[in-house]
Amino acid sequence: MNLDAKAPAGPVEQKWEKHRFELKLVNPANKRKYTVIMVGSGLAGAGGAAALAELGYVVKCFCYQDSPRRAHSIAAQGGINAAKNYRNDGDSVFRLYHDTIKGGDFRSREANVYRLAEISVNIIDQCVALGVPFAREYGGLLDNRSFGGAQVSRTFYARGQTGQQLLLGAYQALERQIGFGQVQMFARHEMLELVVIEGRARGIVVRDMVTGEIETHLADAVCLATGGYGNVFHLSTNAKGCNATAIWRAYKRGAGFANPCYTQIHPTCIPVSGEHQSKLTLMSESLRNDARVWVPKKKEDLGKVARSISEVDRDYYLERLYPSYGNLAPRDIASRAAKRVCDDGRGVGPGGRGVYLDFADAIARLGEDAIRDKYGNLFEMYERITAENPYQAPMRIYPAMHYTMGGLWVDYNLMSTIPGLFVLGEANFSDHGANRLGASALMQGLADGYFIIPYTISNYLAGVKPGAPSMDHPDVRQAQQAVKDRIHKLLAIRGKRSPSSFHRELGRVLWEYCGMARNRPGLGLALHRIPELREEFWKNLNVTGDSAELNQALEAAGRVADFLELGELICRDALAREESCGGHFREEYQTPDGEARRDDERFCHVAVWEQTGEGREPARHVEPLTFETMHLATRSYK
Ligand SMILES: Cc1cc2nc3c(=O)[nH]c(=O)nc-3n(C[C@H](O)[C@H](O)[C@H](O)COP(=O)(O)OP(=O)(O)OC[C@H]3O[C@@H](n4cnc5c(N)ncnc54)[C@H](O)[C@@H]3O)c2cc1C
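In this text the structure is predicted, and so the values were computed from the model without any measurement.

The next point concerns helix 11 (residues 368–386). Over its 19 residues, helix 11 extends only 20 Å from the first C-alpha to the last, a length that falls short of the 27 Å expected when each residue adds 1.5 Å. Where helix 11 bends most, at Tyr375, the angle is about 85 degrees. For helix 11, every residue scored as buried is listed here: Ile371, Lys374, Tyr375, Leu378, Phe379 and Tyr382. Of the surrounding secondary structure, the elements contacted by the buried residues of helix 11 are helix 10 (360–366) and strand 15 (395–404). Looking at the residues trailing helix 11, positive phi occurs at Ala387, about 60 degrees.

The structure is reproduced here in structure tokens:
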């Protein structure tokens, strides 16, 4: 597997500028001869589709929701980072780059991270130009707040609805191009297969989710902007529909899958409330700007009303353990700290799996109205779900599965190991290393879509002759048949268990053995149990209904089938990485005070998995990581 990252040589701050100059261009009159498929209409996909259409390429955009505007990006709450330094508090492109490399525990590609920080400033201008209503200060300037892992305020936001506002901006740019006829939009279409011809990505096979019809679309290049795979854990903060099918199909066709075990567990979510829950709710990290996280010091106080516990009997453990970052410690660190105090028997709420997120001090200092202005919709959401009023009692929160730093491997041009297959946004293995900093996913998705893919895809297209292959090509027919056979197989089992019962069980195994803490025996158990579960799936699954109709059971079955394979790869990757870094915490590799212990000698690399055939073990390859500008250092937030 060729893992040439194609990161340009030269000083880090000149790499992107130089690279952009060296990339080949497509003559404006020739652009309309090329067709690009964009799977996904979230920030990465909608931004990318609009930008490519604006350039003159013919774009076909796909999503499984009923409207591109419902892509999961709409759920993002807290904000988007950019090194604008509006606050004059010491921010810079270099500091954002530094914070991101450190936040990711030195497991990301330096050149990509610097480019991301550099582009961040353009993103805000682009979004403002599109009409995104970012929060403003009294004087009219854009406001900022802080997010974890940073000591500056660089997060732009629109109350607790940043994703929604950003997506409306991207959606309008996309709609404009749909109006011009430059983008053809296919909502309610699910990509189920990638078409690869003579080693190049040339198209996709999709199912019309309303009629069940199987369609094939061919093009000159394919982009996947299909989001993260966090729902492999069943319970997560992701929308129910989020899935891994598009990237998993690409993996099965030869695309390398990088760092699947790098998954992010977010510290501030509403705790699990019961057995039959199918979704968890995030309470944005932005709340940690004004709230203090604590648990009682003494177990005897656990039954007491929170506000009746005196100040001296509270353990503000993040402030105690990480005095310089306090409640704004990065997510992986804050999540593990919550787990530790709960393991210690000091967790609050039913089952003892919760910690307090308390606004009492901020309300006393700023007044309830100021807090309502900033976080009103989040408070309302919390109250609707828990029936507790967070203005009067602290919120109860617990870590939950949230984001995936792993994904399809891409080079500096965002191209996967399959020529012509580009991967954008959360779907690629990303610039975040082993842990993503809050408010950096929206930044990355928009950087990929608006600012990177337009240049890098042109470089690729300039080197290939335009024109779709024949629908009769044997590889096209094979891909179509593979989709039909798979659907038939799922429907023909007629067993006893629903897709969601398998999904729930897979999620439990992953959460237990490959969640916030991992160890060799646990991963061994998971690697034994998941194949058993998969075997049972293919013998005992029950999919009701038919294929020629709207069939959510069939949709779920296909996605769970892929999760059952991906779940195993996640555990395999976690087992192979014999170190702790970022969100990947192997209990065998920790410092005496319980922090992650990296092994730079053996593991300073991206692990990339290659499918080697049905029933065979995948091969592990590596892309070494080198740091020319920053130096490998132990990550500390104390
Ligand atoms: C609750 C929540 C809050 C968050 N808040 C923040 C925040 O404040 N700041 C921040 O930076 N990040 C935040 N994130 C993370 C961020 O929202 C996501 O990482 C980001 O929006 C992903 O964007 P995307 O474009 O890559 O994918 P998505 O927005 O997930 O879009 C995926 C698209 O792909 C399509 N798709 C997927 N599979 C298929 C298929 N097989 N066939 C056809 N179409 C397909 C979908 O229909 C959709 O259009 C949050 C995440 C969650 C879950």
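Now, onward.
Moving on, we come to the sheet that holds strand 11 (residues 263–269). Spatially, the 5 strands line up as an open sheet ordered 11-15-14-12-13, and their pairing is antiparallel. Each end of this open sheet is capped by a strand with a single partner; those strands are strand 11 and strand 13 (314–315). As judged from the 3 bridges shared by strand 14 (residues 355–358) and strand 15, these two strands associate in the antiparallel manner. Its bridge partner being in strand 15, Val355 is matched across the sheet by Ile397. Contacts from helix 9 (residues 331–343) reach strand 11, strand 12 (292–296), strand 14 and strand 15, with the element oriented near 65 degrees to strand 11.

Turning to helix 9, a few remarks are in order. For helix 9, with 13 residues, the first-to-last C-alpha span of 18 Å sits near the 18 Å given by 1.5 Å per residue. Most of helix 9 is tucked away, with 11 of its 13 residues classed as buried. Where helix 9 is concerned, the buried positions are Arg331, Asp332, Ile333, Ala334, Ser335, Arg336, Ala337, Ala338, Lys339, Val341 and Cys342. The elements touched by buried residues of helix 9 are strand 11, strand 12, helix 8 (317–321), strand 14 and strand 15. After helix 9 finishes, the residue Gly345 shows a positive phi value of roughly 85 degrees.

Summarising the sheet, strand 7 (residues 200–208) and strand 8 (residues 214–218) pair through 5 bridges and their orientation is antiparallel. Of the residues in strand 8, the one forming a bridge with Arg207 is Ile214. In this antiparallel pair of consecutive strands, strand 7 and strand 8, the connection spans 5 residues, and Gly212 shows a positive phi of 85 degrees.

This next bit is on the packing of helix 4 (residues 93–103) against helix 5 (residues 110–129). Where helix 4 contacts helix 5, the axes come no closer than 8 Å and their chain directions differ by 135 degrees. One element, helix 4, and the other, helix 5, form an angle in the oblique class. Between helix 4 and helix 5 lies a crossing of right-handed hand. Residues Val93, Leu96, Tyr97, Thr100 and Ile101 of helix 4 touch helix 5, and the partners they reach there are Glu110, Val113, Tyr114, Leu116, Ala117, Glu118 and Ser120.

For the ligand, the set of nearby residues contains 46 residues, the closest of which are Gly40, Gly42, Ser73, Gly227 and Gly425. Of all the secondary structure elements, the ones that give two or more residues to the shell around the ligand are helix 3 (43–55), helix 6 (162–180), strand 6 (189–197), helix 7 (245–252), strand 15 and helix 12 (441–461). Of the residues in the shell around the ligand, the class split is 20 nonpolar, 24 polar and 2 charged.

With that settled, the discussion passes to the sheet that holds strand 6. Spatially, 6-7-8 is the arrangement adopted by the 3 strands of the open sheet, whose pairing is antiparallel. At either end of the open sheet lies a strand with only one pairing partner, and these are strand 6 and strand 8. On average, each strand axis in the sheet is inclined to that of its neighbour by 25 degrees, with strand direction left out of account. In this sheet, strand 7 lies alongside strand 6 in antiparallel orientation, the contact comprising 8 bridges. Pairing of Leu194 across the sheet is with Ile204, part of strand 7. Packed on one face of the sheet, helix 13 (residues 474–492) meets strand 6, strand 7 and strand 8 and runs near 145 degrees to strand 6.

Conventions adopted
- The residue count restarts for each chain, going from 1 along the sequence in the order it is written.
- Selection of residues for local features in this predicted model requires a pLDDT of at least 70, selection of side-chain atom pairs for listing and counting requires 80 or more, and totals for whole chains, interfaces and linings are taken over all residues.
- By definition, any uninterrupted DSSP run of H or I lasting at least four residues is a helix, any uninterrupted run of E lasting at least two residues is a strand, and each is numbered from the N terminus.
- Given a helix with a known number of residues, its expected span is that number minus one, times 1.5 Å.
- Note that the bend at a residue is defined as the angle between axes fitted to the seven residues ending at it and the seven residues starting at it.
- Three exposure classes are used, all based on how many other C-beta atoms lie within 10 Å of a residue's own C-beta (placed from the backbone): buried at 20 or more, exposed at 12 or fewer, and partly exposed between those limits.
- Once C-beta atoms are placed from the backbone, any two residues with those atoms within 7 Å are in contact.
- Strand pairing is defined by DSSP finding a minimum of two bridges between the two strands.
- Note on geometry: axes are C-alpha line fits, over the in-contact stretch for helices, and angles between N-to-C directions span 0 to 180 degrees.
- In this scheme, roughly parallel covers angles under 35 degrees and roughly antiparallel covers those over 145, while 65 to 115 is roughly perpendicular and the rest are oblique.
- What makes a crossing left-handed is the near helix being turned counterclockwise from the far one by less than a right angle; a clockwise turn instead makes it right-handed.
- The criterion for a residue being near a molecule or strand is a backbone-placed C-beta atom within 6 Å of that molecule or strand.
- In this classification, Asp, Glu, Lys and Arg are treated as charged, Ala, Val, Leu, Ile, Met, Phe, Trp, Tyr, Cys and Pro as nonpolar, and every other residue, Gly included, as polar.

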